Amino acid sequence: MTSTTSQQELFRFLEDRFACAQACTECARACALRASLVDPDGTENQELVRRKGIMCAEVCDATCRVLSEQNQVDETTIRIQVEWCRTVCLEAAHVFDRQPGAEDSAAACRACARACTDFLATLN
C-alpha cells in the first residue's frame, strides 16, 4: 500500500466518522423532538413512540460523544457503540413508521443507520 492510499483511507475514515457523528446529532434532535410531541398519558403505541424516541436520542448522543473523542476509545468499543446505534435507529424508524406525522424522524433514523453502516465499513 502506498502512502497516498493510506492517506486516502485515513481521509475517508475521518470523513465517514464525521458524517456518522453529524447524522447521530441530527437523529438525536429529531428523536427528542418526536418524543416531546407525544402525550405522556397517551395510548400504549404513543408510549412506545416516546420511549423509542428517548432511547434513540440518548444512544445517538452517546455515539456522537464516542466518535468525537480523539484516540481515547479503542476500535472495538467504537464498533460496539456504532453497531448499537445503528440497531436502535432502525428499531426507532420502524416504530415511527407506524406514527402519523413521524416521517421526518423515521428518515433521520434511517440516515443515521446508513451513516453508521458506512463508518463501520472503514474500520478494520
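The coordinates are above.
Residues numbered from 1 in each chain as written. Predicted model: local features only at pLDDT ≥ 70, side-chain atom pairs only at ≥ 80, totals over all residues. Heavy atoms only, no water.

1. What to know about the side chain of Asp16
The condition that has to hold: Strands are runs of DSSP state E lasting at least 2 residues, helices are runs of H or I lasting at least 4, and numbering of each runs from the N terminus. Contact criterion: two residues are considered in contact whenever any of their non-hydrogen atoms come within 4.5 Å of each other.
With respect to the element layout, Asp16 can be found in helix H1 (residues 3-37). Sequence-distant contacts of Asp16, that is, excluding residues within four places in its chain, are made with Asp118, Phe119 and Thr122.

2. As for the environment of Phe96
Looking at the secondary structure, you find Phe96 in helix H3 (residues 75-97). With eleven residues separating them along the chain, Phe96 and Ala107 place their C-alpha atoms 9.2 Å apart. With sequence-adjacent residues up to four places away left out, Phe96 is seen in contact with Cys31, Arg34, Val49, Gly53, Ala102, Ser105, Ala106 and Cys109.

3. Re the nonpolar core
Note the following rule: We call a set of buried residues a nonpolar core when its members are Ala, Val, Leu, Ile, Met, Phe, Trp, Tyr or Cys and they connect through side-chain atoms within 4.5 Å of each other. Exposure classes here rest on a 1.4 Å probe applied to the protein chains alone. A residue is buried below 20% of its type maximum, exposed above 50%, and partly exposed in between.
Residues Cys56, Cys60, Cys89, Cys109 and Cys112 are the most contacted members of the largest nonpolar core, which totals 37 residues. Looking at this core, the elements that each hand over two or more residues are H1, helix H2 (44-68), H3 and helix H4 (103-122). In terms of residues, this core owes the most to one element, H3, which gives nine residues. Apart from residues lying up to four places away in sequence, Cys60 is in contact with Cys24, Cys27, Ala28, Cys85, Cys89 and Cys112.

4. Quick notes on H2
For the record, the criterion: One fewer than the residue count of a helix, multiplied by 1.5 Å, yields its expected span.
The terminal C-alpha atoms of H2 lie 36 Å apart, and with 25 residues this matches the ideal 36 Å at 1.5 Å per residue to within 8%. Within the sequence span of H2, burial applies to Val49, Lys52, Gly53, Cys56, Ala57, Val59, Cys60, Ala62, Thr63, Cys64, Val66 and Leu67.

5. Overview of a nonpolar patch on the surface
As a reminder of what qualifies: Residues enter patches when they are more than 30% accessible in relative terms and free of salt bridges; like-charged ones are connected within 9 Å and nonpolar ones (Val, Leu, Ile, Met, Phe, Trp, Tyr) within 5 Å. For the area figures, the Shrake-Rupley method with a 1.4 Å probe applies, and any residue is considered shielded solely by the protein chains shown. Salt bridge, as used here: a side-chain nitrogen of Lys or Arg that lies within 4 Å of a carboxyl oxygen of Asp or Glu.
A cluster of nonpolar side chains, contributed by Leu10, Phe11 and Leu14, occupies part of the molecular surface with about 280 Å² of accessible area. The residue Phe11 is located in helix H1 in this model.

6. A few points about the packing of H2 against H3
To characterise two packed helices, one gives the angle between the axes of the helices and the distance between these axes. As a reminder, the rule being used: Axis lines are fitted through C-alpha atoms, for helices just across the contact stretch, and the angle between N-to-C directions can take any value from 0 to 180 degrees. Here the angle decides the label: under 35 degrees means roughly parallel, over 145 means roughly antiparallel, 65 to 115 means roughly perpendicular, and every other value means oblique. What makes a crossing left-handed is the near helix being turned counterclockwise from the far one by less than a right angle; a clockwise turn instead makes it right-handed. Under this grouping Gly is polar, as are all residues other than the nonpolar Ala, Val, Leu, Ile, Met, Phe, Trp, Tyr, Cys and Pro and the charged Asp, Glu, Lys and Arg.
Running from N to C, H2 and H3 cross one another at 155°; their axes reach a closest spacing of 9 Å. When the interaxial angle is binned, H2 and H3 end up roughly antiparallel. Between H2 and H3 the crossing geometry is left-handed. Here Leu48, Val49, Lys52, Gly53, Met55, Cys56, Val59, Cys60, Ala62, Thr63, Val66 and Leu67 of H2 lie close against H3, whose contacting residues are Ile78, Gln81, Val82, Trp84, Cys85, Val88, Cys89, Glu91, Ala92, Val95 and Phe96. Considering only residue class, the contact of H2 with H3 consists of 18 nonpolar, three polar and two charged.

7. Details of the side chain of Gln81
As a reminder of what qualifies: Whenever two N or O atoms come within 3.5 Å, that pair is a polar contact, provided that in protein one can donate a hydrogen and the other can accept it, and provided that, for residues adjacent in sequence, both atoms are side-chain atoms.
Along the chain, Gln81 turns up in helix H3. There is a polar contact of 2.9 Å between the side chain of Gln81 and the side chain of Thr63.

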